[in-house]
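# Architecture and fold: a report
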Amino acid sequence: MAALPGTTDRRIDALVTLLAENATIVVSGAKIAREIGVTRQQVWRWIEKLRALGVRVKGHPRTGYHIERVPDILVPQMLNHRLRDTPFAHHFYHFFKTDSTNAVAMRLGEAGEPHGAVVIAEEQTAGRGRAGRSWASEKSSGIYCSVLLRPKLPPAHAPLLTLVAGLAARDALAEELDVAPDLRWPNDVLVRGRKICGMLTEMHAEPDRVHFAVVGIGVNVNHTKMPAELAEIATSLRMETGKFHSRIELLIRLLRHLDRYYNQFLAQGAAPILRRFAEVSSYFQGKRVRITTATESFTGTTAGLEPSGVLRVERDDGRGTELVLSGDVAEAS
Ligand code: BTN
C-alpha cells in the first residue's frame, strides 16, 4: 500500500477499534496507551480529536474512558474485516480531512494502486461535484468515499460503470428507508424528488481503453439540515427518517452491492444492469426532462438507454432522438 501523507495514524484506528470493542466499559488511559503503544497524553489528545468528530467519550486519563455507543468513524479496522470477501478490503486510505477523496484516488491510480483501493474522508475541504460544482462535505455527517476501479472497458462504455455504482448506492439506501429511492440518470439517488447521494466518475483513458476509473460517492447521512442554497433540492437520511444512521453499516452495504453489480457486469455484460436500471428509475422511459449539456439545453422525453448506458431522449423540437453522453438531467413539467 502506498504511504500517503495525511492519512489517519494507524494507532488512532486501533484506538477507535479498542473503544468500539469495549463500548460502555470503562477502560483505563494506561491500558489503552499500553495496547496501542503511545503515551497517555497522546491517548488524551486523540480522544479529544474523536470528541470533536462527535464520538461521545466519557471520562479522562485518571478514571478511564468509556463510550456510549460504537463510534461511527470510518477507519479501516472498523470496515475491512467485514469486506474481506470483496476487492475493497485491502487498500483502505482514511483521512480525517482531505481536499477531495476523488483527487486522492486519481493520484493513487496514476501511481499504480490496484483495483479496489478505497479512499474515505470524514471531511473534504474541496469536495468535487459534477460539472465543476462543489460537494458540501460537512464533518462526519456524510459518506465521502472514492473507489479505484480498473475495468477492461473502452471509454465509450464508461457510463455503464456509473450506472453500476448508482444502482449499488440506490440499493444500500433503499434498505434504510420506507420509501423507494429513485435514480436520476446516470446516478443521482433521489428521495421524494430530493438528492440524497451524488456520484462523480473520473477516469484516465486512451481512445480504446480505460486505464482506471475513480467513482466518487457522496451520501448525505446524518445532516439535520441542508445549506440554504440546497434546502429545496437536497435531503439526508436523517432528515427523511428522523433518526441517526450508522455510516459504517451503510458504507459496508454500499460497497458490497457495488461488488455484486460490478461482478454481474463483468460476467454477464450490460443487459442485467440496464434491466435493473429500468426497474428502479423513473427516469428510464417516458419522463419529461430538461437536458443541459456543455453546448445546449433542450427539453424532451426519455426513451430508454443505449447498450452502452447512454440516455436516449426524444426531443420536443422535432430534431429526433438525442443520445446524451453526459449532462444535467432535470425533471421538466
Ligand atoms: C455530484 O452529484 O455532483 C457528484 C458528487 C460527488 C461527491 C463525492 S464525495 C466523495 C468524492 N470526492 C469528491 O471530491 N467528490 C466525490
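Just so it is clear, the model here is predicted, and its values are computed rather than measured. (Residues numbered from 1 in each chain as written. Predicted model: local features only at pLDDT ≥ 70, side-chain atom pairs only at ≥ 80, totals over all residues. Heavy atoms only, no water.)

## Side note on the overall build of the chain
Along the chain, the regular secondary structure elements total 9 helices and 14 strands. For the chain, the C-alpha radius of gyration of 21 Å lies close to 20 Å, the compact-globule estimate for 333 residues. By its C-alpha atoms, the chain is 75 × 40 × 30 Å across when sized along the principal axes. Counting the 333 residues in the chain, one finds 53% classified as buried. Long-range pairs, those at least 24 residues apart, make up 62% of the contacts in the chain between residues at least 6 apart in sequence. Per element, the accessible surface of the chain, about 14,800 Å² overall, is 50% carbon and sulfur. Across the chain, the centroid of the 43 positively charged side chains sits 6 Å from that of the 37 negatively charged ones. (Helix = DSSP H or I, 4+ residues; strand = E, 2+ residues; numbered from the N terminus. Rg over C-alpha atoms; globule rule 2.2 N^0.38 Å. Buried < 20%, exposed > 50% of the residue type's maximum accessible area, 1.4 Å probe, protein only. Contact = heavy atoms within 4.5 Å. Areas by Shrake-Rupley, 256 points an atom, 1.4 Å probe, with all protein chains shown as cover. Lys, Arg positive; Asp, Glu negative; His and termini not counted. Charge placed at Lys NZ, Arg CZ, Asp CG, Glu CD.)

## Observations regarding the sheet that holds strand β9 (residues 210-220)
What the 7 strands build is an open sheet, ordered β3-β4-β5-β9-β8-β7-β6; its pairing is mixed. Here the strands that pair on one side only, and so sit at the sheet edges, are β3 (92-95) and β6 (182-184). When strand polarity is set aside, the average angle formed by the axes of neighbouring strands in this sheet is 15 degrees. Here strand β7 (residues 188-191) runs beside strand β8 (residues 194-205); their pairing, made up of 3 bridges, is antiparallel. (Pairing = 2+ DSSP bridges. Axes fitted to C-alpha atoms, helices over the stretch in contact; angles between N-to-C directions.)

## Overview of helix α1 (residues 10-21)
The terminal C-alpha atoms of α1 lie 16 Å apart, and with 12 residues this matches the ideal 16 Å at 1.5 Å per residue to within 8%. Of all the residues in α1, the buried ones are I12, D13, L15, V16, T17, L18, L19 and A20. Next to the buried residues of α1 lie α2 (29-36), α3 (40-52), β2 (64-67) and α4 (76-79). Capping the start of α1, D9 holds a side-chain oxygen 2.8 Å from the backbone nitrogen of R11, two or three residues further along. (Expected span 1.5 Å × (residues − 1). Polar contact = N/O pair within 3.5 Å; in protein donor to acceptor, adjacent residues only side chain to side chain.)

## A look at the sheet that holds strand β11 (residues 297-305)
Taken in spatial order, the 5 strands make up an open sheet running β13-β12-β11-β10-β14, and their pairing is antiparallel. Only two strands of the sheet have a single neighbouring strand rather than two, namely β13 (321-324) and β14 (328-331). Taken pair by pair, the neighbouring strands of this sheet meet at an average axis angle of 45 degrees, ignoring direction.

## Overview of the site of the ligand
The full set close to the ligand counts 20 residues, and S100, T101, R128, R130 and K195 are the nearest of them. Separating a nitrogen atom of the ligand from a side-chain N or O atom of Q124 is a distance of 3.0 Å. For the ligand, the protein covers 99% of the area, taking 420 Å² as the surface of the free molecule. According to the grid-proximity analysis, the pocket containing the ligand is the largest pocket. Listing elements by their share of the shell around the ligand, those giving two or more residues are α5 (101-110), β5 (142-149), β8 and β9. Ranked by residue count, the leading element in the shell around the ligand is β8, at 4 residues. Among the residues making up the shell around the ligand, the classes are represented as 6 nonpolar, 10 polar and 4 charged. (Near = heavy atom within 4 Å. 1 Å grid on protein atoms, 1.4 Å probe; cavity = no way out; pocket = protein on both sides within 12 Å on 5 of 7 lines; lining within 4 Å. Sits in = over half its atoms within 2 Å of the grid points. Nonpolar A, V, L, I, M, F, W, Y, C, P; charged D, E, K, R; others polar.)

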